[in-house]
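# Structural characterization, general
Single-letter residue listing:
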Amino acid sequence: MTPVFIGSGIYRGSSYGAWHPLHIPRVSTVMDLSRALGWLPQAQYRTSPRAKPEALHLFHTPDYIAALMQAEASQTVDDAIRTRHGLGTTANPVFGEMFRRPATGAGGVMLAAELLRGGGVVHVPGGGTHHAMADRANGFCYLNDPVLCLLSLRHMGLSRIAYVDIDAHHCDGVQDALSGAADMLMISVHEDGRWPGTGALHDDGGGRALNLPVPRGFNDSEMRHILHRLILPVLDRFAPQAVVLQCGSDAIEEDPLSRLALSNNAHVETALALRDIAPRLIVLGGGGYNPWSVARCWTRVWGALNGHRADGPLPGPAQDILRALDWNRRSTGRRPQDHWHSTLNDPPRNGPVRPEIRDRAAHLRARFDATSPYSRRNGSQGRKKTAQSAVPTP
């Protein structure tokens with residue numbers, strides 16, 4: 001199947017507020033850049049539907065969804081709702097589309113699962129809100145669309161589903177939801193010590209999570225080592241019928257909310273490697289708070305999934321889109337650089353692979369090999385019975 005891009009006009013002009021890190025345009029810029037490059041013909045584009053409340057109950061509680069919808073309608077919350085559901089906080093403020101926008105992201109990932117019944121690749125840059133809990137908003141995330149995506153794939157009858165998360169922040173909401181689900185595997189690469197402070201190396205999420213916290217300055221060579229020494233060998237053994245990649249761009253060096261040092265080359269390499277081993281791949285967005293880094297990364301990933309390259313200078317219309325971006329929260333050292341306007345490609349940020357990276361990757365690989373009920377890809381793919389999952393089964 002030709003790759004499909006799922007987007008929506010709701011991201012154009014919708015904002016968490018001028019003071020919030022998510023005040024910047026992200027998905028709309030990816031759509032505009034992709035079209036300016038000729039990479040998004042109408043035949044490959046789908047408008048994301050808005051998930052209905054009943055569909056969101058697949059993971060979220062009815063009380064929470066009702067509270068979220070009421071908060072959008074009234075544009076206010078009382079102290080009881082704020083305390084119980086995490087709405088109206090600094091991280092998850094009240095704003096005009098606080099239900100409709102995340103419900104659109106959720107509808108997009110659920111549509112992606114449906115489109116992949118026969119296999120293929122779908123890019124949903126509006127997805128990736130991996131912190132939300134079943135009954136509360138958390139960490140800029142009102143709905144947990146990765147969990148809804150995973151449950152939708154399960155609902156299709158798939159029995160081996162992998163979730164890979166390369167966002168700078170640990171996917172606490174996804175891990176809590178999976179809680180050792182026997183049919184799902186989670187791999188998270190995230191900054192050590194960064195909010196929300198979960199995802200320690202020893203934390204196996206009930207048995208089906210591989211958490212790899214990485215130190216500040218994490219570079220392309222180190223990500224490549226993890227990809228080839230941990231992620232790909234583990235997935236080869238697990239033999240997933242579908243992979244969901246949360247492709248947060250906040251691990252890129254210029255992002256203001258992390259201290260990692262990747263280039264967008266790492267994101268492209270990871271997405272292509274997962275595409276080549278999985279019959280179904282859904283690539284989500286996620287974190288990312290520098291408008292140029294986000295737009296260039298996710299546009300480049302979409303192009304790479306279609307076999308497009310943009311090695312040289314961008315055409316004038318694409319450069320105009322990037323030059324028109326503004327950012328009222330620029331910090332020292334993260335002011336626009338020339339290549340942010342002229343190319344999608346970051347310069348490589350290679351470097352030494354530190355011993356702690358090698359050791360942690362090897363530790364997780366050994367733990368998986370020792371405890372996995374799965375054989376190699378070409379062998380038996382049966383699985384043993386394990387503890388009942390906390391994720392609701394449709």
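Going by the structure above, here's the rest.
Rules of the game
- Along each chain, the written sequence defines residue order, and numbers are assigned to residues from 1.
- A pLDDT threshold of at least 70 governs which residues receive local features in this predicted model, and a stricter bar of 80 or more applies before side-chain atom pairs are shown or counted, although totals over entire chains, interfaces and linings include all residues.
- Side-chain numbers come from the whole structure's heavy atoms, not from hydrogens or water.
- For helices the rule is a DSSP run of H or I covering at least 4 residues; for strands it is a run of E covering at least 2, with both sets numbered from the N terminus onward.
- All axes here are fitted lines through C-alpha atoms, helices being fitted over the stretch that makes contact, and every angle between N-to-C directions spans 0 to 180 degrees.
- Orientation is classified from the angle alone, with under 35 degrees giving roughly parallel, over 145 giving roughly antiparallel, 65 to 115 giving roughly perpendicular, and any other angle giving oblique.
- Handedness of a crossing follows from how the near helix is turned relative to the far one, being left-handed for an anticlockwise turn of less than a right angle and right-handed for a clockwise one.
- Residues count as neighbours in contact if any of their non-hydrogen atoms are within 4.5 Å of one another.
- Polar here means any residue outside two lists: the nonpolar Ala, Val, Leu, Ile, Met, Phe, Trp, Tyr, Cys and Pro, and the charged Asp, Glu, Lys and Arg; Gly therefore counts as polar.
- Working definition: with a 1.4 Å probe on protein chains only, accessible area under 20% of the residue-type maximum means buried, over 50% means exposed, and in between means partly exposed.
- Each C-beta atom gives one direction from the helix axis, and the arc is the one those directions make.
- Between Lys or Arg on one side and Asp or Glu on the other, a salt bridge is scored when a side-chain nitrogen of the former is within 4 Å of a carboxyl oxygen of the latter.

### Overview of the environment of Arg-194
- Along the chain, the position of Arg-194 falls in the loop between β5 (184-191) and β6 (209-214).
- Considered as a pair, Arg-194 and Arg-259 are 65 residues apart in the sequence and their alpha carbons are 8.9 Å apart.

### Observations concerning the packing of helix α5 (residues 100-115) against helix α6 (residues 145-155)
- The N-to-C vectors of α5 and α6 enclose an angle of 25°; their axes lie 8 Å apart at closest approach. When the axes of α5 and α6 are compared, the pair comes out roughly parallel. Crossing of α5 over α6 shows right-handed handedness. Residue-level contacts link Gly-105, Ala-106, Val-109, Met-110 and Ala-113 of α5 to Asp-145, Leu-148, Cys-149, Ser-152 and Leu-153 of α6.
- When its residues are assigned to classes, the contact of α5 with α6 shows seven nonpolar, two polar and one charged.

### Comments concerning helix α11 (residues 316-323)
- Listed in full, the buried residues belonging to α11 are Ala-318, Gln-319 and Leu-322. In an axial view of α11, the angular spread of the buried residues amounts to 100°, which keeps them on one side of the axis.

### Details of the pattern of salt bridges
- Counted under the stated rule, the structure contains 20 salt bridges.
- Among the salt bridges present, the one from Arg-12 reaches Asp-32, with a minimum N-O distance of 3.0 Å. Placement of the pair is Arg-12 in the loop between β1 (4-7) and α1 (27-36) and Asp-32 in helix α1, with a sequence separation of 20 residues.
- Of the residues examined, Arg-12 reaches a relative accessible area of 45% and is grouped as partly exposed.
- Residue Arg-84 pairs with Asp-135 through a salt bridge whose shortest N-O separation is 3.7 Å. Residue Arg-84 is found in helix α4 (residues 79-85), and its partner Asp-135 is found in the loop between β3 (120-124) and α6; the two are separated by 51 residues along the sequence.
- According to the relative accessible area criterion, Asp-135 is partly exposed, its value standing at 23%.
- Each of Glu-253, Glu-254, Arg-296, Asp-346 and Arg-349 takes part in salt bridges that share partners, so that together they form one network.

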